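What the coordinates show
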Amino acid sequence: MKATKTFVSYSWSSPEHEEWVLDLATSLRQSGVDVLLDKWDLKEGHEASAFMEKMVSDSEIKKVIIVCDRTYAEKSNAREGGAGTEAQIISKELYQQEDQDKFVAVIVEKDDDDSAYVPAYYTSRIYIDFSDSSRYSESFEKLLRWIADKPIHKKPELGKVPAYLSDDDGVVTLATSALKRRAYDAIAGSKEYAPPAAKDYFELFTEELEKFRLNSDVDPLADGFMSNLDSFVPYRNEFLEVVKAIARYTRDEQYPDLLHEFFDRFLQYYEPPEWMKSYQKIAFDNYKFFGHELLLHCAAILVAEKRHDLFNALIGRQYYLEAWARHGGQPVCEFTAFRDYPRSLEAIGQKSNSRPHSVAADLLNQRAANSGSKFRKLMEVDFILFLRAELANFEEFNRWWPDTLVYLGFNYRTFEIFERSRSTRYFEKIRPFLANATKADLEKLLAGYERNDQRLPRWEMTQVNPGVLMGIQNLCTRP
């Protein structure tokens, strides 16, 4: 990288000030800046005024530092009014002729009102403040970054307009943001009204879900279907922010109930409401995907924050499905009801004409990017949910199918939470997420797979091997 040629303009106010400028210029050169300074570059017999103007107007000089103290400002302003001044002073006319990104004022002195001494032509521009000697290092870094055009806060690349802000068919918007902010601020601030604020937000969220309802003749291959799925992302992220705040900042016993009630209401969208007389099951597939995604992300947050009380409120408690009761079925179900595979995604998979895989897993992977959870962590919690259902010995139709594990591929290794469980002490901390299963319980489960008591999830290129994923051989081998 070529050194940036930089000229330092200053006033000979006092020997002490000249020494300060010399030290600054020296530090800049030691930091790779090609500094030009009169004490080094103005030779005997040279015309000071001509040297000065050449330094400012020369195209090879990319940056000009104006070291401003009271003397510099007064002399600059006097010259603007027609009075004589020292040759170092940059004129208003010369300043205006140049690219103003070329100049920066370095402030070393302020008046009694804490206002910087700067030339009149510079008053509306941002400066770098060196007047507080205790913050010299911070100011010096700012100056270096300005010279190198490497600001601390870099403008991000322009992204894609979110689907929920576009006019595309199928885009949905919810009126939850105000209550979300109120709930989040109350929870993070440990306000007394935090639980009811969370309750208000959760109830509004599930009421607003009605806006995502698809027509009974929905075509999963139409743009409107994918727009509907995309529209959910910002509201998913809203919800997860609130859940993370609950996990980090609260111990109130109301929150396990509130989270369970939220998912209980969400599950009602998996089936047709009582008022709907004609429908196709595919019309609820978007809700099935949303619910599955929310549960995975929520569980991943609770495992990461080690909140087994909240986790078990979601996974250990049963749910009630009103629609099943209306049709004479068993209305009480396990958490596995949230893994009701959306059949519409099969049509999408067939259209893509790719290798056999899980379209749901592909979508979960793509949508994890801005969720706050790495996809590997979603895979880990997917496996934990699989183990919970297996340890509970649910009926075959009630098992949890871990879609995301199709991505194990050649990167097949023990999940982090189980690698850390080589330590018996650590394993004791995570046992509540596994319904307090012991190592012996897990070994018994694996023995059942060896006897083919239960079939293991598999895809064309991948089969789940629970023993490897939980690192059973190394589990609890250390204190």
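Our structure is the block above this text.
This text gives an overview of the structure that appears in the document. (Residues numbered from 1 in each chain as written. Predicted model: local features only at pLDDT ≥ 70, side-chain atom pairs only at ≥ 80, totals over all residues. Heavy atoms only, no water.)

Thoughts on the overall build of the protein chain
Per the secondary structure count, the protein chain includes 21 helices and seven strands. Taking contacts inside the protein chain between residues at least 6 apart in sequence as the whole, the part at least 24 apart equals 73%. Entry remark: accessible area of the protein chain is about 24,700 Å², with carbon and sulfur atoms responsible for 47%. (Helix = DSSP H or I, 4+ residues; strand = E, 2+ residues; numbered from the N terminus. Contact = heavy atoms within 4.5 Å. Areas by Shrake-Rupley, 256 points an atom, 1.4 Å probe, with all protein chains shown as cover.)

Re the side chain of R339
By secondary structure assignment, the location of R339 is in the loop between strand 7 (332–333) and helix 15 (344–352). On the basis of relative accessibility, which here comes to 15%, the residue R339 falls in the buried class. Looking at R339, its side chain comes within polar contact range of the main-chain oxygen of W401, at 3.2 Å. Beyond its immediate chain neighbours, meaning those up to four positions away, R339 contacts H292, W400, W401 and D403. (Buried < 20%, exposed > 50% of the residue type's maximum accessible area, 1.4 Å probe, protein only. Polar contact = N/O pair within 3.5 Å; in protein donor to acceptor, adjacent residues only side chain to side chain.)

Some remarks on the packing of aromatic side chains
Counted by the stated rule, this structure contains 31 aromatic pairs. Between F202 and F239 the ring centres are 5.6 Å apart and the planes differ by 55 degrees, which places this aromatic pair in the tilted class. Of the two residues, F202 is situated in helix 8 (residues 194–208) and F239 in helix 10 (residues 233–249); the sequence distance between them amounts to 37 residues. A relative accessible area of 1% means that F202 is categorised as buried. One residue, K39, lies across the ring of W12, its end atom 6.0 Å from the ring centre. (Phe/Tyr/Trp six-rings, centres within 6.5 Å; stacked < 30°, edge-to-face > 60°. Lys NZ or Arg CZ within 6 Å of the ring centre and 35° of its normal.)

Focus: helix 11 (residues 254–267)
In this model, helix 11 (14 residues) spans 20 Å end to end at C-alpha, consistent with the 20 Å of a helix rising 1.5 Å per residue. Counting buried positions along helix 11 yields 10 of 14 residues, so the element is predominantly enclosed. Inspection of helix 11 places Y255, P256, L258, L259, H260, F262, F263, D264, F266 and L267 among the buried residues, and these make up the whole buried set. (Expected span 1.5 Å × (residues − 1).)

Some details on the pattern of salt bridges
Within this structure, the stated rule accounts for 31 salt bridges. Where R70 meets E74, a salt bridge forms, and the shortest distance between an N and an O atom there is 2.9 Å. Taken together, the residues span about one helical turn, with R70 and E74 both in helix 4 (residues 70–80) at a distance of four residues. Each of K377, E380, E416 and R420 takes part in one network of salt bridges that share partners. (Salt bridge = Lys/Arg side-chain N within 4 Å of Asp/Glu carboxyl O.)

Some points on the layout of surface pockets
The probe, sized like a water molecule, is rolled over the atoms to show the empty space still left. The space that makes up the largest pocket amounts to roughly 560 Å³. Residue lining of the largest pocket: 24 residues in total, with T336, R339, F397, N398 and R399 positioned closest to the centre. By residue class, the composition of the lining of the largest pocket is 13 nonpolar, three polar and eight charged. Approximately 450 Å³ is the volume attributed to the second largest pocket. Taken together, 16 residues make up the lining of the second largest pocket; nearest its centre are V104, I126, I128, W146 and P151. For the lining of the second largest pocket, the secondary structure elements donating two or more residues are strand 4 (103–107) and helix 6 (136–148). (1 Å grid on protein atoms, 1.4 Å probe; cavity = no way out; pocket = protein on both sides within 12 Å on 5 of 7 lines; lining within 4 Å. Points joined across faces, edges and corners; volume = space filled by probe spheres on them. Nonpolar A, V, L, I, M, F, W, Y, C, P; charged D, E, K, R; others polar.)

Comments concerning the nonpolar core
Within the largest apolar cluster, 101 residues are counted, with the highest numbers of intra-cluster contacts made by F202, F239, F263, F311, F383 and F418. For this core, the element with the highest residue contribution is helix 12 (residues 285–304), accounting for 12 residues. Core analysis: the next-biggest nonpolar cluster, separate from the first, contains 34 residues, V21, V33, L36 and F140 among them. (Core = buried A, V, L, I, M, F, W, Y, C linked by side-chain atoms within 4.5 Å.)

Observations concerning the sheet that holds strand 1 (residues 5–9)
Pairing is parallel in the open sheet, where five strands are placed in the order 2-1-3-4-5. Here the strands that pair on one side only, and so sit at the sheet edges, are strand 2 (34–36) and strand 5 (128–129). As paired strands, strand 1 and strand 2 are joined by three bridges and run parallel to one another. Among the inter-strand pairings, F7 is bridged to a residue of strand 2, identified as L36. Helix 6 contacts strand 1, strand 3 (63–68), strand 4 and strand 5 of the sheet and is inclined by roughly 150 degrees relative to strand 3. (Pairing = 2+ DSSP bridges. Axes fitted to C-alpha atoms, helices over the stretch in contact; angles between N-to-C directions.)

Overview of the environment of E346
Relative to the helices and strands, E346 is located in helix 15. Residue E346 is classed as partly exposed on the basis of its relative accessible area of 37%. C-alpha separation for the pair E346 and P220, spaced 126 residues apart in sequence, amounts to 9.3 Å.

What to know about the environment of P402
In this fold, P402 is placed in the loop between helix 17 (375–391) and helix 18 (416–419). For P402, a relative accessible area of 0% corresponds to the buried category. The sequence separation of P402 and M379 amounts to 23 residues, and the corresponding C-alpha distance is 7.8 Å. Residues contacting P402, with those up to four places away along its chain left out, are D382, F386, P457 and W459.

Here's the deal with helix 12
Given a rise of 1.5 Å per residue, 20 residues ought to cover 28 Å, and the 29 Å separating the end C-alpha atoms of helix 12 matches this to within 8%. Looking one or two residues beyond helix 12, the residue adopting positive phi is K306, at roughly 60 degrees.

With respect to the pairing of strand 4
Among the five residues of strand 4, five are classified as buried, and the element is accordingly described as predominantly covered. What you see with strand 4 is no split at all: F103, A105 and I107 on one side and V104 and V106 on the other are buried throughout. Pairing of strand 4 with strand 5, which is carried by two bridges, proceeds in the parallel orientation. Following the sheet pairing, V106 is matched in strand 5 by I128.

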